Amino acid sequence: MKLPELKIGSLIAKIPIIQGGMSVRVSTSTLAVPVAECGGIGTIGGSGIPVEELQEDIRKAKNATKGIIAVNIMYAMRDFYDLVMGSIEAGADMIITGAGFSRDIFKIGKAHNIPIVSIVSSASFAKLAEKLGAAAVVVEAAEAGGHLGTNLSLRELFPTIRKAVSSIPLIAAGGITNGYEMAEMMDKYGADGVQMASRFVLSEECSVSQEFKEAYLKAQQEDIVLVTSPVGLPGRAIKTPFVERMLAQEDITAKVCRYKCLKKCDHKYCISERLLASHGGDLENGLVFSGANTFKMKEILPVREIFDRFVKAAESVYKEQPADRLVTAESGAR
């Protein structure tokens, strides 16, 4: 059966896939544009870069596609509101935000007629986002890469939020690597679409270094670990030499805070410095965020091929279910 479109506010994505907005400079217009061209929602990672650079990249994307371009901005960023307003000014179609929860962002969305999508990891925050005016909610579970807000798996977490939220789309995120899993989340669990980030790192269009992509390709399941982050949340990453030093409790303290990027930072290390290092290929000193199931993916593909494979697999098994047949929290967990 043909997959349904994903409607968020007045925007309609022909394919119900959101490309996760990975910072710092992992998700740029170079990746977001081909995703949007394929009918999904292309997302620029808006955290950890100057507002002017972000605006330039958004304008570049909007000039290159008529598809949907979102911007993902972490609430934990010191310049969160400047990045949000700069994104709106530059013509972004949608703001996606997580790593903390802003109430004021919904007022901004309403004032500027732009959909706000909240990334949450609990039913209580999902309900609050719905109440305050979120256009959609991304349900991000423990299998996701980067900063994590829960230790519950996607198939445990999603049903609890599906029961709590009914008036806006719910997007499943965390560990989805193929179209069969996408169809499962939509058909069995009632998701309106999926968000994926790690799968798009292993795309030809993702602008990270080849060394960054090789870390993904070589990763075994035991190489994907939880780390502490200066943001104040746990994060999921690949075991690089830097992460090994962290896990061994060696001194990795940043000597100088060059970026002053976070509202609250424990200064154990500079996350911007470490993410930029890996982006440029320095895995000795870099942090490589990754989803839990990255070890399952062993190919670098064009974005178009990723979409074609996902859609073909998903539509081969997808059968839309009536609302009263969606799984409950008890029957859906496994």
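As the structure is a computational prediction, the values presented were derived from the model and not from experiment.

Here is what the cut-offs are and how they apply
Residues numbered from 1 in each chain as written. Predicted model: local features only at pLDDT ≥ 70, side-chain atom pairs only at ≥ 80, totals over all residues. Heavy atoms only, no water. Pairing = 2+ DSSP bridges. Helix = DSSP H or I, 4+ residues; strand = E, 2+ residues; numbered from the N terminus. Disulfide = S-S within 2.5 Å. Contact = heavy atoms within 4.5 Å. Buried < 20%, exposed > 50% of the residue type's maximum accessible area, 1.4 Å probe, protein only. Core = buried A, V, L, I, M, F, W, Y, C linked by side-chain atoms within 4.5 Å. Axes fitted to C-alpha atoms, helices over the stretch in contact; angles between N-to-C directions. Parallel < 35°, antiparallel > 145°, perpendicular 65-115°, else oblique. Left-handed = near helix turned anticlockwise from the far one by under 90°. Nonpolar A, V, L, I, M, F, W, Y, C, P; charged D, E, K, R; others polar.

## Concerning the sheet that holds strand β12 (residues 224–228)
In spatial order, the strands read β9-β13-β12; together these 3 strands make up an open sheet with antiparallel pairing. For this open sheet the edge positions go to β9 (146–147) and β12, each flanked by a neighbour on one side alone. Pairing between β9 and strand β13 (residues 234–238): 2 bridges, direction antiparallel. Residue pairing for β13: H147 is matched across the bridge by G235.

## Overview of the state of the cysteines
A complete count under the given rule lists 0 disulfides for this structure. Considering cysteine sulfurs only, C38 is the nearest to C206, which forms no disulfide, with 15 Å between them.

## Quick word on the environment of V227
Structurally, the position occupied by V227 is in strand β12. Setting aside its immediate chain neighbours within four residues, V227 contacts L233, P234, G235, A237, V243, M246 and L287.

## Overview of the side chain of T177
Inspection of the secondary structure puts T177 in the loop between β10 (170–173) and α7 (179–187). Taking relative accessible area as the criterion, T177 reaches 12% and is therefore assigned buried. Discounting residues that sit within four places of it in the chain, T177 has contacts with R199, N293, K296, M297 and F310.

## A word on the environment of I17
Take I17: it is sitting in strand β3 (residues 17–19). Between the C-alpha atoms of I17 and V311, which are 294 residues apart in sequence, the distance is 9.7 Å. Contact partners of I17, with chain neighbours within four places excluded, come to G40, I41, M182, V194, M196, F200, F307 and F310.

## Here we look at the nonpolar core
Counting residues in hydrophobic clusters, the biggest one holds 97 residues, and the most contacted among them are I17, F158, I176, M182, F200 and L287. Looking at this core element by element, the count peaks at 6 residues for helix α12 (residues 303–317). Formed by 17 residues, the second largest nonpolar core is a distinct cluster that contains A70, V117, I119 and I171.

## Notes on the packing of helix α1 (residues 29–37) against helix α2 (residues 51–64)
Any two packed helices are characterised by the angle at which their axes cross and by the distance between the axes. Two elements in contact, α1 and α2, have axes whose closest approach is 9 Å; the angle formed by their N-to-C orientations is 30°. One way to sum up the angle between α1 and α2 is to call them roughly parallel. Along this stretch, α1 crosses α2, giving a crossing that reads as right-handed. Facing S29, V33 and E37 of α1, the residues of α2 in contact are D57, K60, A61 and A64. In the contact of α1 with α2, the residues fall into 3 nonpolar, 1 polar and 3 charged.

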